[in-house]
Amino acid sequence: MTPRPDAVTPPVDEPRASLVVVANRLPVQPDAEAGVNGWRPSPGGLVSALTSVLQRGNGLWIGWPGTSQHRHVPAHYEGIRLRPVPISADEYETFYLGFSNATLWPLYHDAIRPPAFHRTWWQSYARVNRRFADAVTEAAAPGATVWVHDYQLQLVPRMVRERRPDVRLGFFMHIPFPPLELFNQLPWRREIVEGLLGADLVGFQTRQSAANFSRLARRLTTADGTDALVQYEGRRVRTGAFPITADVARFAAAAQDPAVRARAKEIRQDLGDPEVILLGVDRLDYTKGIQQRAKALAELYADHSLDPEHHVMVQIAVPSRESDAHYERERHELEQVVSQVNGDYGLVGRPVIHYLHQNMPFDELVALYLAADVMLVTPFRDGMNLVAKEYVTCRTDLTGRLILSEFAGAATELRGAFIVNPHDLEGVKEAIRSAVRAGPRETRERMARLRRQTMRRDVYDWATTFLGALEST
Ligand code: G6P
């Protein structure tokens, strides 16, 4: 039976909230291991950042519970109220997998895969955005602050503004915002830009994305002004870069935990005590350049720059959007490449690439960061990439080397990394060689620089900086 869109019942008779976070996902997700009605926190720094902010401000989180099955959603999480927005099985296909992840996601990531444009997907996107906007309209107290997140909900600001001009509206885009040449492919480009212009403040990860948006707004609508501020329909709309930071306190604390440190040693032993452990941690996504990395590695084993006895790689690929054809194909191709590299260069009981297609528990992830001598973050395009910042946060003893794509938002800040163009295989190989061979002094200097850039601000500071800028609009 197809679940009805009202399959998740929202709480009734709740007081209205003065601070509302709206994101496609709630901070909790179904946990099959904890039984039919089990829930666990959704992963990611955003949840911790926004949870602390909401705890201090009579906050409410509006989002999709991550399932179209009928489930009782907890009314609270860590002292904040939750309001579920249901998405039907059909909308899961058309809104989530379709318009969000097969139209917008590839289009906003350099069209690495061809974006698909379907009118029915667009209609579903508008319908689901309307449902989120209705939930905000009902739940926000007079004069409330409303913070909408990410590409799944770009129409929400305007929809809310039309009914609730009293609220202060912020929007933050977690992924890149494309340049005009790409964005203009979108048949509904004007509607999307107008949707975002409903906010008082539209924030991005980088100045480049903010400028792309602002220029498009001036090109496609009646908005007029500068990259930082436009006048639109008699209102001022600010745009700017608010680069997201890692959950520094949580990672730094775990990196000092003796049990986690012992586990890092154990991982090294389990891998056969190699000289160098290389690590990749990504959602299994075609934007992440995981295959390129494996191919670069294969060539380095082939030309003896790396030695299978001494250099091993661990690649964590977190399952993601698995029912989408592009993601299925990516997994298939990646697994072929990995098994080929292991077939060609592995030793008995000692593969050169240890590939895990799994979610990683938090402590295990930190132990891997501690065990890894070289961290590879080589996406073709990425809004920020928090893995890079988390790795740096964990390297308290100034060891560890980071290879980072120039196309990740993080590259605008993390200048101490070995910066690479992931499309340039020779360049990636050269960066791996340099990182593997870097002496203790260079490593220490680079890591000290990276840590100065990373440890300055916590993700809580990021959230309060954005909200502060919103309050002053
Ligand atoms: C990116 C997006 C998030 C999204 C996450 C996981 O980080 O910016 O909005 O939640 O990927 O993807 P998923 O489709 O599982 O929500």
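This write-up is about the structure you can find in this document. (Residues numbered from 1 in each chain as written. Predicted model: local features only at pLDDT ≥ 70, side-chain atom pairs only at ≥ 80, totals over all residues. Heavy atoms only, no water.)

**A short note on the overall build of the protein chain**
Regarding its fold elements, the protein chain presents 16 helices and 18 strands. A compact globule built from 473 residues would reach a C-alpha radius of gyration of about 23 Å, and the protein chain, at 22 Å, matches this within 12%. Its C-alpha atoms give the protein chain principal-axis dimensions of roughly 65 × 50 × 40 Å. Burial analysis of the protein chain (473 residues in total) assigns 60% to the buried set. Total accessible area on the protein chain is roughly 19,000 Å²; 49% of this is exposed by carbon and sulfur atoms. With 56 positive and 57 negative side-chain charges, the protein chain shows a spacing of 5 Å between the two charge centroids. (Helix = DSSP H or I, 4+ residues; strand = E, 2+ residues; numbered from the N terminus. Rg over C-alpha atoms; globule rule 2.2 N^0.38 Å. Buried < 20%, exposed > 50% of the residue type's maximum accessible area, 1.4 Å probe, protein only. Areas by Shrake-Rupley, 256 points an atom, 1.4 Å probe, with all protein chains shown as cover. Lys, Arg positive; Asp, Glu negative; His and termini not counted. Charge placed at Lys NZ, Arg CZ, Asp CG, Glu CD.)

**Structural notes on the site of the ligand**
Close to the ligand lie R25, Y96, D150, Y151, Q152, H174, I175, R283 and R321. R25 is positioned with one of its side-chain polar atoms (N or O) 2.7 Å from an oxygen atom of the ligand. At 2.5 Å, a side-chain N or O of D150 approaches an oxygen atom of the ligand. Out of a free accessible area of 370 Å², the ligand has 71% covered by protein chains. The residue makeup of the shell around the ligand, split by class, is three nonpolar, two polar and four charged. (Near = heavy atom within 4 Å. Polar contact = N/O pair within 3.5 Å; in protein donor to acceptor, adjacent residues only side chain to side chain. Nonpolar A, V, L, I, M, F, W, Y, C, P; charged D, E, K, R; others polar.)

**Topic: the pattern of salt bridges**
This structure, assessed with the given rule, holds 32 salt bridges. Across the salt bridge formed by D31 and R40, the nearest N and O atoms sit 3.8 Å from each other. Accessibility expressed as a relative area gives 14% for D31, which makes it buried. The residue E364 makes a salt bridge to R263 at a minimum N-O spacing of 2.8 Å. With E364 in helix α12 (residues 362-371) and R263 in helix α9 (residues 258-270), the pair connects residues that are 101 residues apart, well separated along the chain. The structure contains a network of salt bridges with shared partners spanning R263, E266, D270 and E364. (Salt bridge = Lys/Arg side-chain N within 4 Å of Asp/Glu carboxyl O.)

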